Amino acid sequence: MPATHPQLLRALQATRGHPRAIVGHRFASHGAPHYNEPGGWLFGEKPLPPGQKRVKEDWENIWYVGMFGTMLAAAVLLYYKPDTSIQTWALKEAKQRMEARGEKYKYEPSSPPPSPSPS
(Lines give C-alpha, C1' and ligand atoms only; values in the text may rest on other atoms or scores of the structure.)
Protein backbone atom coordinates (compact mmCIF):
# COMPACT_ATOMS: atom_id res chain seq x y z
CA MET A 1 0.00 0.00 0.00
CA PRO A 2 1.64 3.30 -1.08
CA ALA A 3 2.27 5.89 1.60
CA THR A 4 0.05 8.97 1.54
CA HIS A 5 1.19 12.52 2.16
CA PRO A 6 0.26 12.60 5.87
CA GLN A 7 2.14 9.31 6.46
CA LEU A 8 5.26 10.68 4.77
CA LEU A 9 5.06 13.88 6.75
CA ARG A 10 4.80 11.95 10.04
CA ALA A 11 7.79 9.82 9.05
CA LEU A 12 9.85 12.89 8.23
CA GLN A 13 8.83 14.67 11.46
CA ALA A 14 9.70 11.60 13.53
CA THR A 15 13.18 11.44 12.07
CA ARG A 16 13.93 15.15 12.23
CA GLY A 17 16.80 14.58 14.66
CA HIS A 18 18.13 11.52 12.81
CA PRO A 19 18.14 12.11 9.05
CA ARG A 20 19.99 8.83 8.39
CA ALA A 21 17.03 6.85 9.69
CA ILE A 22 15.15 7.55 6.47
CA VAL A 23 17.91 6.57 4.07
CA GLY A 24 19.06 3.68 6.22
CA HIS A 25 22.43 2.73 7.62
CA ARG A 26 25.53 1.98 5.68
CA PHE A 27 26.58 -1.24 7.32
CA ALA A 28 29.61 -1.74 5.07
CA SER A 29 31.45 1.36 6.29
CA HIS A 30 32.63 0.96 9.86
CA GLY A 31 34.95 3.90 10.18
CA ALA A 32 38.55 3.81 9.03
CA PRO A 33 39.69 1.57 6.18
CA HIS A 34 40.77 -1.95 7.11
CA TYR A 35 43.77 -2.09 4.77
CA ASN A 36 47.21 -0.58 4.84
CA GLU A 37 46.86 2.83 3.27
CA PRO A 38 49.71 3.93 1.03
CA GLY A 39 52.39 5.72 2.97
CA GLY A 40 54.68 6.71 0.11
CA TRP A 41 57.38 4.08 0.71
CA LEU A 42 58.12 1.32 -1.81
CA PHE A 43 56.62 -1.93 -0.49
CA GLY A 44 55.95 -0.15 2.81
CA GLU A 45 59.66 -0.22 3.78
CA LYS A 46 61.20 2.98 5.03
CA PRO A 47 64.69 3.75 3.75
CA LEU A 48 67.50 2.64 6.03
CA PRO A 49 69.94 5.13 7.52
CA PRO A 50 73.21 5.47 5.60
CA GLY A 51 75.63 2.62 6.21
CA GLN A 52 73.01 0.02 7.15
CA LYS A 53 72.28 -2.98 4.96
CA ARG A 54 68.79 -4.36 4.33
CA VAL A 55 68.17 -7.78 5.89
CA LYS A 56 66.36 -10.21 3.60
CA GLU A 57 63.39 -12.14 4.87
CA ASP A 58 63.47 -15.96 4.91
CA TRP A 59 61.20 -16.44 1.91
CA GLU A 60 62.99 -14.07 -0.47
CA ASN A 61 65.86 -16.38 -1.55
CA ILE A 62 63.42 -19.26 -2.09
CA TRP A 63 61.28 -16.98 -4.25
CA TYR A 64 64.25 -15.83 -6.36
CA VAL A 65 65.48 -19.38 -6.95
CA GLY A 66 61.98 -20.62 -7.79
CA MET A 67 61.07 -17.72 -10.06
CA PHE A 68 64.26 -17.42 -12.07
CA GLY A 69 64.96 -21.17 -12.03
CA THR A 70 61.55 -21.78 -13.56
CA MET A 71 62.20 -19.12 -16.20
CA LEU A 72 65.55 -20.70 -17.07
CA ALA A 73 64.01 -24.20 -17.27
CA ALA A 74 61.19 -22.88 -19.50
CA ALA A 75 63.69 -21.17 -21.81
CA VAL A 76 65.77 -24.35 -22.17
CA LEU A 77 62.70 -26.50 -22.78
CA LEU A 78 61.33 -24.08 -25.38
CA TYR A 79 64.71 -23.94 -27.15
CA TYR A 80 64.90 -27.74 -27.46
CA LYS A 81 61.20 -28.26 -28.16
CA PRO A 82 60.64 -30.56 -31.16
CA ASP A 83 59.20 -29.04 -34.31
CA THR A 84 55.70 -30.44 -34.64
CA SER A 85 54.25 -27.99 -37.14
CA ILE A 86 52.15 -29.25 -40.03
CA GLN A 87 54.37 -27.43 -42.54
CA THR A 88 57.48 -29.33 -41.42
CA TRP A 89 55.66 -32.65 -41.60
CA ALA A 90 54.20 -31.86 -45.04
CA LEU A 91 57.60 -30.84 -46.44
CA LYS A 92 59.24 -34.03 -45.15
CA GLU A 93 56.39 -36.17 -46.52
CA ALA A 94 56.51 -34.45 -49.92
CA LYS A 95 60.28 -34.99 -50.18
CA GLN A 96 59.90 -38.67 -49.35
CA ARG A 97 57.15 -39.17 -51.95
CA MET A 98 59.06 -37.29 -54.65
CA GLU A 99 62.22 -39.31 -53.96
CA ALA A 100 60.19 -42.53 -54.13
CA ARG A 101 58.94 -41.51 -57.61
CA GLY A 102 62.45 -40.53 -58.70
CA GLU A 103 61.72 -36.80 -58.96
CA LYS A 104 63.98 -34.02 -57.80
CA TYR A 105 62.61 -31.88 -55.03
CA LYS A 106 65.22 -29.13 -55.32
CA TYR A 107 65.05 -26.63 -58.15
CA GLU A 108 68.03 -26.79 -60.48
CA PRO A 109 67.99 -24.57 -63.54
CA SER A 110 68.45 -26.51 -66.78
CA SER A 111 70.48 -23.75 -68.44
CA PRO A 112 72.52 -20.91 -67.02
CA PRO A 113 70.66 -17.65 -66.64
CA PRO A 114 70.99 -15.27 -69.58
CA SER A 115 73.66 -12.63 -69.18
CA PRO A 116 72.54 -9.05 -69.43
CA SER A 117 73.01 -7.66 -72.92
CA PRO A 118 75.05 -4.47 -73.27
CA SER A 119 72.87 -1.54 -74.19
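Above this text sits the structure in question.
In short, a report on the structure.

Criteria and thresholds
- Residues numbered from 1 in each chain as written.
- Predicted model: local features only at pLDDT ≥ 70, side-chain atom pairs only at ≥ 80, totals over all residues.
- Heavy atoms only, no water.
- Helix = DSSP H or I, 4+ residues; strand = E, 2+ residues; numbered from the N terminus.
- Buried < 20%, exposed > 50% of the residue type's maximum accessible area, 1.4 Å probe, protein only.
- Expected span 1.5 Å × (residues − 1).

Here we take up the overall build of the protein. Within the protein one finds 4 helices and 0 strands. Seen in sequence order, the protein has helices and strands lined up from the N terminus as α-α-α-α. Residue burial in the protein is summarised as follows: out of 119 residues, 2% are buried.

Our focus in this paragraph is the side chain of Glu60. Structurally, Glu60 is set in helix H3 (residues 58–79). Take Glu60: its relative accessible area is 6%, and that puts it in the buried class.

A separate point is helix H4 (residues 86–101). Helix length check: H4, at 16 residues, gives a terminal C-alpha distance of 22 Å against a target of 22 Å (1.5 Å per residue), a fit within 8%. Remark: Gly102 follows H4 within two positions and exhibits a positive phi of approximately 85°.

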